[in-house]
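Architecture and fold: a report
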Amino acid sequence: MPAPPQEPKAIVDHFFRHQWGRVVSHLTAKFGVPNLTLVEDAVQEALTKAMQSWAFQGIPDNPAGWITRVAHNHVIDTLRRKNNFERKSAELGQEESSYAMDWDMDEEIKDDELKMMFACCHPAISAELQIILTLKILGGFSNAEVARQLLKKEDAIAKAYTRGKKKLIEEGITLEVPFGKHLSQRLSKVLRILYLLFNEGYSVTEGDLLIKTSLCEEAIRLGSLILECKRLVKPDVHALMALMYFQSSRFNARLDSNGQMVALNHQNRSLWDYSKVELGRHHLELAAAFGHVNDYFIQASIARVHCDADTYESTNWRQILMLYDIQLQLNNNPVIFLNRVIAYGKVFGAKAALSELDGYGGKKALQKYPLLYAVQAELLAEIDDYATAIATIDQAISLNTNVREVEYMQSKRISWVERIT
């Protein structure tokens, strides 16, 4: 019996979140970087065909294999029409039918994403373009999602992505997997991308999901694969793995039974996954053994303080504030400062924290960042300035594109309105 219309949509959405990057990486490696845009279009076309076909014919046994085969054939058909297929035909052979419906995606291209990440971090490309290319090619990120992670405007990301692909083609830059010392030289860039991938999964930019666990799990999976290469066993990798395990340990407690956001101070800590906490401690200890302090190490240490506290009230906020001070010395980032303000308020009070925030010279970079206004509103509410808190939370709501976060802020707003009426 054919699947109901909504089932194909769910399967396609699942594919986009889980397999997009793998298929694009696989086909780009096969057809070459000059055909990157064609590959992306082909995968998108295959998704559209899946929506149309499966609603009537039913969902195939292996949806990922079906989509990949259709995308592969679309690329070949397009190359044929451009009279540019002869050379590729000799190299590839007659592969149109090679994607069997029982093709195992996980076994066939398990490491292609990681290889493509290292390839995208080519030294001829700027660090920012490396991140944009990789997140969009492998992660299937929207311009808005990349913009939030990089604190950039959405149209600037779109232009940079187009410019980056053009640069690859015009300058003949080959995205090949480096080896030896060249592999190690690109490690920090790859870790930065994994960090951003995890962040987007942990706090989703747009839509009605608060968490995309699949993105976080993929970042952890790729980090684990990096540690399988002896040359890449570095403190930064262990520190990032520790951070991701600590943060992901709290997933089950971040949403209530209705799918609504639960703030840290109200989370049921019995729902935390303490097996992941132990993995986080293990990797943090391995990172510490190198005697090297880096940004990921500090963030993981902060996350550990939260995980070590039996209750929210027993959290060692002075230690967290000290760690944020160290982190700012390593990375003078406005988002880090904003997180520090939260800890500062827990130690010295909301009024002092508001003064810290008002005197911060880098606040301009956060003007389009909803968390700035959310933090400010919370602090204002703590000193009973509910009228200003309401006006400030309205700014946060207007800038936020995540449904769950908006709902949470609206519930806060309602409680503050009730206090002054």
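Quantities reported herein were computed from a predicted structural model and do not represent experimental measurements.

Another aspect to go through is the overall build of the chain. When helices and strands are counted, the chain shows 22 helices and two strands. For the chain, the residues scored as buried account for 53% of the 421 residues in total. Across the chain, the fraction of contacts at a sequence separation of at least 24, relative to all contacts at a separation of at least 6, is 68%.

Another point: a nonpolar patch on the surface. Taken together, the side chains of Val293, Met322, Ile326 and Leu330 present a nonpolar region at the surface, about 330 Å² in accessible area. Positionally, isoleucine 326 belongs in helix 17 (residues 317–330). Of the residues examined, isoleucine 326 reaches a relative accessible area of 31% and is grouped as partly exposed.

Right, let's get into the pattern of salt bridges. Throughout the structure, instances matching the rule amount to nine salt bridges. A salt bridge links arginine 281 to glutamate 278, with the shortest nitrogen-to-oxygen separation between them at 2.3 Å. Of this pair, arginine 281 and glutamate 278 both sit in helix 15 (residues 274–289), three residues apart, which is roughly one turn of the helix. Taking the relative accessible area as the measure of exposure, glutamate 278 reaches 45% and is therefore partly exposed. In this structure, the salt-bridge partner of aspartate 308 is arginine 281, at a minimum N-O distance of 2.7 Å. Taken as a pair, aspartate 308 in helix 16 (residues 295–308) and arginine 281 in helix 15 lie far apart in primary sequence, 27 residues in all. A relative accessible area of 38% places aspartate 308 in the partly exposed class. A network of salt bridges, in which partner residues are shared, links Glu278, Arg281, Arg304 and Asp308.

Glancing now at the packing of aromatic side chains. Tallied over the entire structure, the rule returns seven aromatic pairs. With a centroid separation of 6.2 Å and an interplanar angle of 15°, the aromatic rings of phenylalanine 198 and tyrosine 202 are classed as stacked. Remark: tyrosine 202 and phenylalanine 198 occur in helix 12 (residues 187–202); sequence separation between them is four residues, near one turn of the helix. Like phenylalanine 198, the residue tyrosine 202 is buried in the burial classification. An aromatic cluster is built from Phe198, Tyr202 and Phe251, whose rings are joined through pairwise contacts. Note that arginine 254 overlies the ring of tyrosine 202, its terminal NZ or CZ placed 4.0 Å from the centroid.

Turning to the environment of serine 184, a few remarks are in order. By the element assignment, serine 184 lies in helix 11 (residues 181–185). Apart from the residues lying within four places of it in its own chain, the contact partners of serine 184 are Arg231 and Leu232.

Before going further, it helps to examine the packing of helix 15 against helix 16. Running from N to C, helix 15 and helix 16 cross one another at 140°; their axes reach a closest spacing of 11 Å. Classified by the interaxial angle, the pair formed by helix 15 and helix 16 is oblique. With respect to the hand of their crossing, helix 15 and helix 16 are arranged in left-handed fashion. Across the interface between the two elements, Tyr274, Val277, Arg281, Leu284, Glu285, Ala287 and Ala288 from helix 15 touch Phe297, Ala300, Ser301, Arg304, Cys307 and Asp308 from helix 16. Partitioned by chemical class, the residues of the contact of helix 15 with helix 16 number eight nonpolar, one polar and four charged.

With that out of the way, let us pick up helix 9 (residues 143–150). Of all eight residues in helix 9, six are buried, a share of seventy percent or more. Among the residues of helix 9, those classed as buried are Ala144, Glu145, Val146, Ala147, Gln149 and Leu150. Taken from the residues just after helix 9, leucine 151 is the one with a positive phi, measuring 55°.

What follows concerns the environment of glycine 345. Locating glycine 345 in the fold gives a position in helix 18 (residues 334–348). By relative accessible area, which is 10% here, glycine 345 ends up buried. Once the C-alpha coordinates of glycine 345 and glutamate 382 are considered, the two residues, 37 residues apart in sequence, prove to be 9.8 Å apart. When residues no more than four places from it in sequence are discounted, the contact partners of glycine 345 are Ala350 and Ala353.

Here serine 248 lies in helix 14 (residues 235–248). Residue classification places serine 248 among the buried positions, given a relative accessible area of 3%. Not counting residues within four places of it along the chain, the set of residues in contact with serine 248 comprises Phe198, Ile220 and Lys276.

This part is about the confidence of the model for the chain. For the chain, mean pLDDT is 81; residues scoring 70 or higher make up 82% of the total. Under a pLDDT of 50 for its full length, residues 1–6 has, in the predicted model, eight contacts with residues more than four places off or in other chains.

Take unusual backbone geometry next. The backbone phi angle of aspartate 384 is positive, close to 70°, even though this residue is not glycine. Residue position: aspartate 384 is located in the loop between helix 20 (370–382) and helix 21 (386–399). Given the relative accessible area of 53%, aspartate 384 is considered exposed.

What counts, and at which threshold
Residues numbered from 1 in each chain as written. Predicted model: local features only at pLDDT ≥ 70, side-chain atom pairs only at ≥ 80, totals over all residues. Heavy atoms only, no water. Helix = DSSP H or I, 4+ residues; strand = E, 2+ residues; numbered from the N terminus. Buried < 20%, exposed > 50% of the residue type's maximum accessible area, 1.4 Å probe, protein only. Contact = heavy atoms within 4.5 Å. Patch = residues over 30% accessible without salt bridge, like charges linked within 9 Å, V, L, I, M, F, W, Y side chains within 5 Å. Areas by Shrake-Rupley, 256 points an atom, 1.4 Å probe, with all protein chains shown as cover. Salt bridge = Lys/Arg side-chain N within 4 Å of Asp/Glu carboxyl O. Phe/Tyr/Trp six-rings, centres within 6.5 Å; stacked < 30°, edge-to-face > 60°. Lys NZ or Arg CZ within 6 Å of the ring centre and 35° of its normal. Axes fitted to C-alpha atoms, helices over the stretch in contact; angles between N-to-C directions. Parallel < 35°, antiparallel > 145°, perpendicular 65-115°, else oblique. Left-handed = near helix turned anticlockwise from the far one by under 90°. Nonpolar A, V, L, I, M, F, W, Y, C, P; charged D, E, K, R; others polar. pLDDT = per-residue confidence, 0-100.

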